[in-house]
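Single-letter residue listing:
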Amino acid sequence: MLKCEWTNSKEEINFWQANLDAVKRKVLLERIFIVKKDEAHRLKNIPQIMNHEKNKSHYLKPYVVEKEYLSENYPNLLERAGNGFLLINDKINKIALLDNAPDGEMRGTPIFDAKELKDLESTFDSIKKVAVSLEDYLKTINLSHHKKEMLSVFVTTECNLNCDYCFTNKHEDGHRNQTVDLEFVKKGIDDYFETDYLRHIRFFGAGEPTVKLDLIKAIHKYAKEKGGDCVTFEIQTNGAFNGSTANWLAKNIDIIWISCDGTPDMQDLHRKCLDTRKKSSELIERNIRILRSGNNFVGIRATITNENVDRQKEMIDYFCQLGIKHIWVDPIFPSVGEDTSNNSFDYMHFAEQFLEAVNYAEQKDIFYGSIMTCNFSDTVNKHCRACIPVPHLTTDGYVSACDMALFGEDTNHMSPFIYGKWDPLLKKIIYNDEKIRNLQSRTTENMHHCDACPSKEHCGGYCLGEVLNETKDLFGCKKGVCEAIVYLDKKMGESQRKYHYTHP
């Protein structure tokens, strides 16, 4: 893939319009996309791929082949094909458009010479025999958690709920009523859009993002201006907002995860409104109906505690009744800095109950996932986005790699996640390359406790945030989860392992 194809610049828009004009004249356009395997999960968000998907035609035939496959089996074909090319079969002339170097900003080089065209046509036909159609290839892409590329914005520490198990320290004096700086976010977006990662923006805590909806709108507007139609948006919210907020989210946010712990009695047990006259469960039920009126994805993210671990089937019935088709459950974990020695949660019991719930949900055509199984659809050597890392912009002006490292000013054991700092005077973010390399080295090859694990390629060392918080070791192992993950890896069927979205 060419770098220019990741944007919707004026040149790319003009190029695509020329494609459509040719198709209208019944000119056959055949395209070979040569894709690196570890970039395949980004394809659906690339403007050129989106254009091919939206404008299917008998005269527009895109194919995909993985670069690694050609390199190993047909190196001569790869050498001749380069980074892919477009073959134009006009009634009068044939033209080939050879892709330039993938990092190039310009479109490919046109070839008109008859002899060279004949050779390229032969190459094209040979590659087609081992390639698949773009439509079929997109169906094979695995969306495991370690491929979740995004820029997260920790919008504010203000919140309209007072959850008794909240893992943040947002109510402490240093962070109370703290909101992220818009100029910092804009620079973070600028830097992030310079990479080849997915153009995906996510709004998150420490508090409830929607209490600063005007700020979310400003960030949304800026990201769209910078990235165009290929930018997508996601929010993790407590769902306890007013109707006008729900309507805006339904129209403007592609993926909405609502934190809700199940039936109203369970939800209201732990997740209480600051305004004690209201119940969060009632607000969520109303807002789900509004949110589902849009063309977006609405899913539930539930925390599993000792109180609801045996009620997971009941949860499925409740959410099914509300029209929810995607449910994500995670076992409760200790707050940052909390004493973990008295953690009484039984992960094997959770796994057994979770597996029953997965089977039950599948019968109802509902997807039921968990952080324990989030890489089961792929082969991995790292667990999550913290090991890439991708940026999470904090309310106090730092770049974090993880949702569990919410503040850069805090001096604690989560500091290995803080790898950048906003300089408001220079208007730039200063990144720490040594910390980035350290996070990137957190792979199963560098964790000896993973050596003999039969499930290491479907786990990647488990959640780095939880591990660092509870062991103080970036390469550590969280007690109790390994046995549960191996159990689920052995028991879950192929259809239950296929993820159509990534971890919230």
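Preceding this paragraph is the structure being described.
Residues numbered from 1 in each chain as written. Predicted model: local features only at pLDDT ≥ 70, side-chain atom pairs only at ≥ 80, totals over all residues. Heavy atoms only, no water.

Draft legend 1. Structural view of the packing of aromatic side chains. Inspection of every chain in the model, using the stated rule, returns 17 aromatic pairs. Note on Trp 328 and Tyr 499: the rings are 5.7 Å apart at their centroids and 65° apart in plane angle, and the pair reads as edge-to-face. Taken together, the residues span a long stretch of sequence, with Trp 328 in strand E12 (residues 326-331) and Tyr 499 in the segment after helix H17 (494-497) at a distance of 171 residues. For Tyr 499, a relative accessible area of 2% corresponds to the buried category. By way of ring pairs, the aromatic residues Trp 257, Phe 297, Trp 328, Phe 367 and Tyr 499 are connected into one cluster. Sitting over the face of the ring of Tyr 360, Lys 313 holds its NZ or CZ atom 5.9 Å from the ring centroid. (Phe/Tyr/Trp six-rings, centres within 6.5 Å; stacked < 30°, edge-to-face > 60°. Helix = DSSP H or I, 4+ residues; strand = E, 2+ residues; numbered from the N terminus. Buried < 20%, exposed > 50% of the residue type's maximum accessible area, 1.4 Å probe, protein only. Lys NZ or Arg CZ within 6 Å of the ring centre and 35° of its normal.)

Draft legend 2. Quick look at the state of the cysteines. A complete count under the given rule lists zero disulfides for this structure. The structure places no disulfide on Cys 477, whose sulfur is separated from the nearest cysteine sulfur, that of Cys 482, by 3.5 Å. According to the relative accessible area criterion, Cys 477 is partly exposed, its value standing at 32%. (Disulfide = S-S within 2.5 Å.)

Draft legend 3. Quick peek at the sheet that holds strand E6 (residues 132-133). Taken in spatial order, the six strands of this open sheet run E5-E4-E3-E1-E2-E6, and their pairing is mixed. The sheet is open, and its two borders are formed by strand E5 (109-111) and E6, each paired with just one other strand. By the bridge criterion, six bridges tie strand E1 (residues 28-35) to strand E3 (residues 84-89) in an arrangement that is antiparallel. For Phe 33, the partnering residue across the bridge sits in E3 and is Gly 84. Relative to the sheet, helix H1 (residues 10-24) contacts E1, strand E2 (60-66), E3 and strand E4 (94-98), its axis offset from that of E1 by approximately 140°. (Pairing = 2+ DSSP bridges. Contact = heavy atoms within 4.5 Å. Axes fitted to C-alpha atoms, helices over the stretch in contact; angles between N-to-C directions.)

Draft legend 4. Main features of unusual backbone geometry. Here the bond from Gly 205 into Ala 206 is cis, since omega is 15°, no more than 30 degrees from zero. Positionally, Ala 206 belongs in the loop between strand E8 (200-204) and helix H8 (213-227). A cis amide bond links Ile 388 to the next residue, Pro 389, at an omega of -20°. Mapping Pro 389 onto the fold places it in the loop between strand E13 (367-370) and strand E14 (392-393). Residue Asn 177 is not a glycine yet carries a positive backbone phi of 55°. Within the secondary structure, Asn 177 is located in the loop between strand E7 (151-154) and helix H7 (182-192). A positive phi angle, near 60°, is found at Lys 427, a position not held by glycine. The residue Lys 427 is located in the loop between strand E16 (418-423) and strand E17 (428-431) in this model.

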